[in-house]
Amino acid sequence: MDWVLAILLFLHIFGAIVAFGPTYSFILLGPMVGREPQHANFAIRFQHLVSTRMVAPLAILQGITGLLIVWRTNINILATTWLLVAIVLYVSALVIAFTVLIPTADKLVEATSAPPPPPAPDAPPRSGPPPHIAALVRRARMAGMTNAILIVVIVFLMVTKPF
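Basis of the calculations
Residues numbered from 1 in each chain as written. Predicted model: local features only at pLDDT ≥ 70, side-chain atom pairs only at ≥ 80, totals over all residues. Heavy atoms only, no water. Helix = DSSP H or I, 4+ residues; strand = E, 2+ residues; numbered from the N terminus. Rg over C-alpha atoms; globule rule 2.2 N^0.38 Å. Polar contact = N/O pair within 3.5 Å; in protein donor to acceptor, adjacent residues only side chain to side chain. Contact = heavy atoms within 4.5 Å. Salt bridge = Lys/Arg side-chain N within 4 Å of Asp/Glu carboxyl O. Buried < 20%, exposed > 50% of the residue type's maximum accessible area, 1.4 Å probe, protein only. Core = buried A, V, L, I, M, F, W, Y, C linked by side-chain atoms within 4.5 Å. pLDDT = per-residue confidence, 0-100. Patch = residues over 30% accessible without salt bridge, like charges linked within 9 Å, V, L, I, M, F, W, Y side chains within 5 Å. Areas by Shrake-Rupley, 256 points an atom, 1.4 Å probe, with all protein chains shown as cover.

Notes on the overall build of the chain
A count of helical and extended segments in the chain gives 5 helices and 0 strands. Along the chain, helices and strands appear, N-terminal first, in the series α-α-α-α-α. The C-alpha radius of gyration of the chain comes to 20 Å, more than 25% above the 15 Å expected for a compact globule of 163 residues. Expressed as lengths along the three principal axes of its C-alpha atoms, the size of the chain is roughly 75 × 25 × 20 Å.

Okay, here's the thing in structure tokens:
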């Protein structure tokens, strides 16, 4: 048995579980915040912490262990279409995470750290989040759903090797 390859495969698979598994719980957290907006800042700070301390570093480790597995097994990436597609999707997911998701979470943490200003005396009571926060939430939701789909497709490609 090739113990180096076995260790690399373990790190790659375990890293994927630990890195991306928690992000699927964010799907449940969003609606809870909608029902209890007073906890929005905590929920956003929690998501941001998980994303920056677990997901991002382990996502990078995924690329490193993946490349080491390719090197160890002498796989020709250009001749292995499923792997090439998975790598392109992985890089796309990283770009979305580092250019959209994490910066948007930074802005949401800042925007929800102080209570919104009270409405004008003659204005009707405000319903829902302020427009700038709603826009950031929509952006984070769309980018998060995109990355969730990309991860599912990557896992499918890694498991089935369809082409």
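Some details on the side chain of Asn 41
In this fold, Asn 41 is placed in helix 3 (residues 40-73). Within the local environment of Asn 41, its side chain forms a polar contact with the side chain of Arg 45, the two groups lying 2.6 Å apart. At 2.9 Å, the side chain of Asn 41 and the side chain of Thr 112 are in polar contact. If near-sequence neighbours (up to four positions away) are discounted, Asn 41 is found in contact with Val 109, Thr 112 and Ser 113.

Describing the pattern of salt bridges
A side chain of one charge can pair with a side chain of the opposite charge if their charged atoms are brought near each other. Overall, the coordinates contain 1 salt bridge when judged by the stated rule. With a shortest N-O distance of 2.9 Å, Asp 2 and Arg 72 are connected by a salt bridge. Taken together, the positions of Asp 2 in the segment before helix 1 (3-20) and Arg 72 in helix 3 put the pair 70 residues apart, joining distant regions of the chain. Looking at Arg 72, the relative accessible area reads 32%, which means it is partly exposed.

Regarding the nonpolar core
In this structure, Phe 20, Leu 89, Ile 96, Leu 150, Ile 154 and Leu 157 are the most contacted members of the largest nonpolar core, which totals 21 residues. Mapped onto this core, the elements with two or more residues apiece are helix 1, helix 3, helix 4 (81-112) and helix 5 (131-160). Considering each element in turn, this core owes the most residues, 9 residues, to helix 4. Leave out the neighbours within four places in its chain, and Phe 20 touches Val 55, Ala 59, Gln 62 and Ile 151. Among the nonpolar cores identified, the runner-up in size contains 8 residues, and Ala 43, Ile 44, Val 109 and Ile 133 belong to it.

Notes on the environment of Ala 143
The topology assignment puts Ala 143 in helix 5. Residue class for Ala 143 comes out buried when judged on its relative accessible area of 8%. As a C-alpha pair, Ala 143 and Ala 86 span 57 residues in sequence and 18 Å in three-dimensional space. If we ignore the near neighbours within four places in the chain, the residues touching Ala 143 are Ile 96, Val 100 and Leu 101.

With respect to unusual backbone geometry
Backbone geometry at Asn 74 places phi at a positive 55°, although glycine is not the residue there. Mapped onto the fold, Asn 74 is located in the loop between helix 3 and helix 4. Even without a glycine there, the phi angle at Lys 161 is positive, about 45°. Counting through the fold element by element, Lys 161 comes out in the segment after helix 5.

Thoughts on the confidence of the model for the chain
Detailed conclusions should not be drawn from predicted coordinates in areas where pLDDT is low. Looking at the chain, pLDDT values average 94 and 100% of them are 70 or higher. Per-element averaging of pLDDT across the chain places helix 2 (residues 26-35) at the bottom with 90 and helix 4 at the top with 97.

As for a nonpolar patch on the surface
On the surface, Met 1, Trp 3, Ile 7, Phe 10, Leu 11 and Phe 14 cluster together into a nonpolar patch covering about 750 Å² of accessible area. Along the chain, Ile 7 turns up in helix 1. You can call Ile 7 partly exposed: its relative accessible area is 49%.

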